[in-house]
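# Close look at the chain arrangement
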Amino acid sequence: MITKNKRLMMQFAILIVVGSLLSVFGFNCSPSKMYSLGSSSNESSSVSKSEDLPYALLNADQALSSMLNVTGQSVSSTAVRNEFNIRNSAFAVNSYLSSINAPMLLSATSLAGEVCNSLVTTERAAGATRAFFMGVNFATGPSTITQGSYDAVLNKFSQKVWARSLLDNEAKLFADYRTDYLATLTSAEQGQTAKTSAFYMSVCSAFLSSFDALIF
Amino acid sequence: MKKNKSQEIPSWAKTGHSKPVTRRELLAHGIIPFAGTLFAPQMMQLLLSSTASAQSAAKCATSASSFAPFIHLNLSGGAAMSSNFVPMNSSGAPLASYNKMGLGNNQLPIEREFGGGTFAGTENGALLSKMLEGIRSIADADTVSRTSFIGVCVRSRDDSSENASNIFGLVVKAGLNGSHLPNLGTRSSSTGVNDMPAVLLPPTPLVVRSFRDITNSLGYSAAIGTQLNEAQKVKLANLVSGLSQQQSRKLASFAAGEQLQKLVECAGIKNKALVEEGTGAVNPVLNATVGTIWQINNNSNQGSNDYVFGSMVYNALQGFAGATGLEMGGYDYHDNSRNTGNTRDRNAGVTIGRILQTAKTLQKPVFLYVTSDGAVNSPESDSRTAPWTSDRGSAGASYIFMYTPTSRPAVSANQIGHFTDAQVADDKFPIGNDPSRAAQAVFANYLQFNKRIGDFSRVVGRNALDASVLSQVIKVA
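Residues numbered from 1 in each chain as written. Chains lettered and ligands numbered in written order. Predicted model: local features only at pLDDT ≥ 70, side-chain atom pairs only at ≥ 80, totals over all residues. Heavy atoms only, no water.

### Here we look at the overall build of chain A
Basically, it comes down to this: Note on conventions: DSSP H or I runs of at least 4 residues are helices, E runs of at least 2 residues are strands, and numbering of each starts at the N terminus. Whether a residue is buried, partly exposed or exposed follows from its accessible area with a 1.4 Å probe, protein chains only, as a fraction of its type maximum: under 20%, in between, or over 50%, in that order. We call two residues contacting when some pair of their heavy atoms lies within 4.5 Å. Per-residue accessibility takes into account occlusion by the displayed protein chains alone, with areas from the Shrake-Rupley method and a 1.4 Å probe.
On a plain count of helices and strands, chain A comes out with eight helices and two strands. When the elements of chain A are put in sequence order from the N terminus, they spell out α-β-β-α-α-α-α-α-α-α. Put simply, chain A has 216 residues, and 52% of those count as buried. Within chain A, counting contacts between residues at least 6 apart in sequence, those at least 24 apart form 69% of the total. Accessible surface, chain A as shown: approximately 9,400 Å² in total, 59% of it carbon and sulfur.

Structure representation (structure tokens):
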């Protein structure tokens, strides 16, 4: 009995030691988060260079790769590369969320627009093999967009881009956008097929340039 | 802790989702919860006093800041800063000799400008300070009469991007922000020029390689630009803003999450405003006089250096942009001649003159900070035009120019720190051997220029210069 108790106590002690080591070396005691950037030994300045959050910001190359990957495009078109070339300077050079600013988000949306334009062009011609716009009739104007086909597109993008289901408040924003978009069209434009393509291109752009798509 | 983005997760396929490869996806699958729950709050606490708070000052600015425009001109390579501005010793007298600094013996003629600034003067009918010559070629007498100058004696590392002389983070945290644009820079670095941040990491600057980079940042192009009308673009900006606001709410569970969430929210709100407003206001050639100063017009190449610098300076002075960094290359010019150095120095002077003259044209104040990485050395010679033969960062210096439309800003002295008779910046002076501390001194003068010196400790934080040092380095009255 005594031997058994000793063994149990030994096992318990080992567990505590292993747990402590894991806690210390694995999680809580990271390397110093403040380090000197001084150019000489006596420089005392320090700059916080760490943002060890569970989220980090994509840089320009990563953002473009992500946009292409989630939309199933293996190569970027000339138009996409051109847009990337004029937009990449607006992206962060580091991965800190605190680097987010208005021109960066705007550039992300603009770049996403060109990626989505390629996607819409491809899918429009793909017919039954479409990956994103299965129920969409690109041969009619936006006035004929059905709720069902719109919801299907939104759900598909949500899964592909955000790897989760669309939340209710996000669905509300997209519903409002559809209403707003239609309201900006003349009656003639509501029957134009190009406006349907433009609408879905912009919806796709919103997915690819939202906060959740620009972090990892 | 190393970020692990390549863990194989055997259970992902069972969830119906795509393969989790990112940290976010791994978190969503509960694979790396400990890093998030145990680690992040501590780091966010650090961020509270640094990066995030540097930006939090910006809030959702939709109008120009009350702080004076701040422009940083970086002469990359190690310019002869202390051979254009002539540093004095601790008594305010000339050094025993300037013969390692390419200026000969101590009978050096001194030209006083900007209310007492000491510059290498005239010999044989030619001004020795080519920077001053360049400034005078552009800035008129009235502009010069409303400008003050302070030379900062500080050693820096030669030919290095690691001199922590940049104060954009401090300036932003103090409250300078652009109404339309973030900080601007000309290099893809954390500061936008060839240096490193002092004390605080600044927000990411918009890198401007062409005026088009500025206009692009204020609107959509390509497919969205052509396929959506203006109203639709605004609606799209609104949608992206709304999505990002909602999605960033997850940050609220962290210590500084509210600040970061606010940042995302502001970026979205500002986006909508930018798209609505368009790009009309930011073009420098809209002001003909500014166009003349920078020698640009509607037909000019928007990627030219003149157009890039002109547009950056114009937007900084108008309050459209935040802190603005301009980098000029080619200042590692010790090629055993004086000609290359003189040409480059004059070019720097022309740029300084253009900045000051643009401020006068727009009737805006400006605080201009000029830095370099290291300095140059001449053979010991009595010649005042001796060639530059090697690097000599121990003789480094930086400059402050301050212009106000009403009158010359008052200063108590035109020099911070001093040189020794060894013809080097005195490393015993509190800021003489440390670009980062010298940068703090410059920041203190910027705050004083804005009558906000009381904010110094709050903004700089725990590494702040103490009161006794501040009393030695603040020269703005």
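### Side note on the overall build of chain B
When you go through chain B residue by residue, the secondary structure sums to 16 helices and 16 strands. When burial is assessed residue by residue, chain B has 61% of its 477 residues classed as buried. Sequence-distant contacts, at least 24 apart, represent 74% of the contacts inside chain B between residues at least 6 apart. Only carbon and sulfur atoms are counted for the fraction: they give 47% of the accessible area of chain B, which is about 16,400 Å².

### Topic: the state of the cysteines
All names here are of chain A. Heads up, the rule is: In this description, a disulfide is simply a cysteine sulfur pair whose atoms lie within 2.5 Å.
Following the criterion strictly, the structure yields one disulfide over all chains and no others. One disulfide in the model links Cys116 with Cys204; its S-S distance is 1.9 Å. Its torsion about the S-S bond being -75 degrees, the disulfide of Cys116 and Cys204 is classed as left-handed. Highlighted residues: Cys116 in helix α4 (residues 102-126) and Cys204 in helix α7 (residues 193-209), separated in sequence by 88 residues.

### Here we look at empty space enclosed by the protein
Residues and elements named next belong to chain B. The line we're drawing: In this analysis the probe radius is 1.4 Å and the grid spacing 1 Å, with only protein atoms considered; a cavity is a set of points the probe fits into but cannot get out of, a pocket is an open set with protein on both sides within 12 Å along at least five of seven lines, and lining residues have an atom within 4 Å of a point. Grid points are joined across faces, edges and corners, and a volume is the space filled by probe spheres set on the points.
Scanning the entire structure with this criterion turns up three cavities of 30 Å³ or more. In this model, the second largest cavity occupies a volume close to 90 Å³. Lining of the second largest cavity is provided by 13 residues; of these, Val154, Ser156, Ser165, Ser372 and Pro435 occupy positions nearest its centre.

### With respect to the pattern of salt bridges
Pairing between side chains of opposite charge can happen when their charged atoms approach one another. We count it as follows: Criterion for a salt bridge: a side-chain nitrogen of Lys or Arg within 4 Å of a carboxyl oxygen of Asp or Glu.
What the rule picks out here adds up to 21 salt bridges over all chains. Each of the salt bridges in this network shares a partner with another, and the network as a whole consists of Arg164, Glu170 and Asp212 of chain A together with Lys250 of chain B.

### Quick look at the pairing of strand β8 (residues 147-153) of chain B
Residue and element names in this part refer to chain B. Keep this limit in mind: Whether two strands pair comes down to DSSP finding at least two bridges between them.
Burial within β8 is extensive, with seven of its seven residues counted as buried. Here β8 shows a buried face lined by Thr147, Phe149, Gly151 and Cys153 and a second buried face lined by Ser148, Ile150 and Val152. By the bridge criterion, seven bridges tie β8 to strand β15 (residues 397-403) in an arrangement that is antiparallel. The partner of Ile150 across the bridge, within β15, is Ile400. Pairing of β8 with strand β16 (residues 415-416) involves two bridges; the strand directions are parallel. Across the sheet, the residue bridging to Gly151 is Gln415, located in β16.

### Re the environment of Pro387 of chain B
Residue and element names in this part refer to chain B. Relative to the elements of secondary structure, Pro387 occurs in the loop between β13 (376-377) and β14 (390-391). In this structure, the C-alpha to C-alpha distance between Pro387 and Leu103, residues 284 residues apart in sequence, is 10.0 Å. Dropping the residues within four chain positions of it, Pro387 is found in contact with Asn336, Ser337, Arg338, Asn377, Ser378 and Pro379.

### What to know about helix α14 (residues 435-449) of chain B
Residue and element names in this part refer to chain B. Our working definition: One fewer than the residue count of a helix, multiplied by 1.5 Å, yields its expected span.
Counted at 1.5 Å a residue, the expected span for α14 with its 15 residues is 21 Å, and the 21 Å between its end C-alpha atoms agrees. Buried residues dominate α14, accounting for 14 of its 15 residues. Where α14 terminates, the next one or two residues include Lys451, which has phi positive at roughly 60 degrees.

### Thoughts on unusual backbone geometry
One can expect most non-glycine residues to show negative phi and most peptide bonds to be in trans. Its identity as a non-glycine residue notwithstanding, Asn124 of chain B has a phi of 50 degrees, on the positive side. Exposure remark for Asn124 of chain B: the relative accessible area of 78% places this residue in the exposed category.

### A word on the packing of aromatic side chains
Keep this limit in mind: Paired rings are identified among Phe, Tyr and Trp, the last through its six-membered ring, by centres lying within 6.5 Å, and are further divided according to the angle between planes into stacked (under 30 degrees), edge-to-face (over 60) and tilted (the rest). Counting as a charge over the ring demands two things of the Lys NZ or Arg CZ atom: a distance within 6 Å of the ring centre and an angle within 35 degrees of the ring normal.
If you walk through the whole model with that rule in mind, you get 35 aromatic pairs over all chains. Ring geometry for Phe67 of chain B and Tyr446 of chain B: centres 6.1 Å apart, planes at 25 degrees, overall stacked. Of this pair, Phe67 of chain B sits in the loop between α3 (51-56) and β1 (70-75) while Tyr446 of chain B sits in helix α14, placing them 379 residues apart in sequence. This pair shows no difference in class: Phe67 of chain B is buried, exactly as Tyr446 of chain B is. Through a chain of ring-to-ring contacts, three or more aromatic side chains come together here, namely Phe132, Phe133, Phe138, Tyr150, Phe157, Trp162, Phe174, Tyr177, Tyr181, Phe199, Tyr200 and Phe207 of chain A. One cation-aromatic arrangement involves Lys250 of chain B over Tyr55 of chain A; the distance from NZ or CZ to the ring centre is 5.8 Å.

### Description of the confidence of the model for chain A
Detail in the predicted coordinates should be disregarded across regions flagged by low pLDDT. Residues and elements named next belong to chain A. Going by this rule: Every residue gets a pLDDT, meaning the predictor's confidence in that residue, from 0 to 100.
Considering every residue of chain A, the mean pLDDT works out to 82; 77% of them sit at 70 or more. Across chain A, element-level confidence peaks in α7 with a mean pLDDT of 98 and bottoms out in strand β1 (residues 34-36) with 27. Counting contacts from residues 21-50, a segment whose pLDDT is below 50, to residues more than four positions away or on other chains yields 74 contacts.

### Let's talk about the environment of Thr340 of chain B
Residues and elements named next belong to chain B. Test applied: As used in this structure description, the phrase polar contact means that two N or O atoms lie within 3.5 Å; if the pair is within protein, one of them must be able to donate a hydrogen and the other to accept it, and residues adjacent in sequence are counted only when both atoms belong to side chains.
Topologically, Thr340 is positioned in helix α13 (residues 339-362). Distance in space between the C-alpha atoms of Thr340 and Gln440 is 32 Å, their sequence separation being 100 residues. In this view, Thr340 contacts Tyr333 and Asp335; residues no more than four positions away in its chain are not counted. Within polar-contact distance, the side chain of Thr340 engages the side chain of Asp335 at 2.5 Å.

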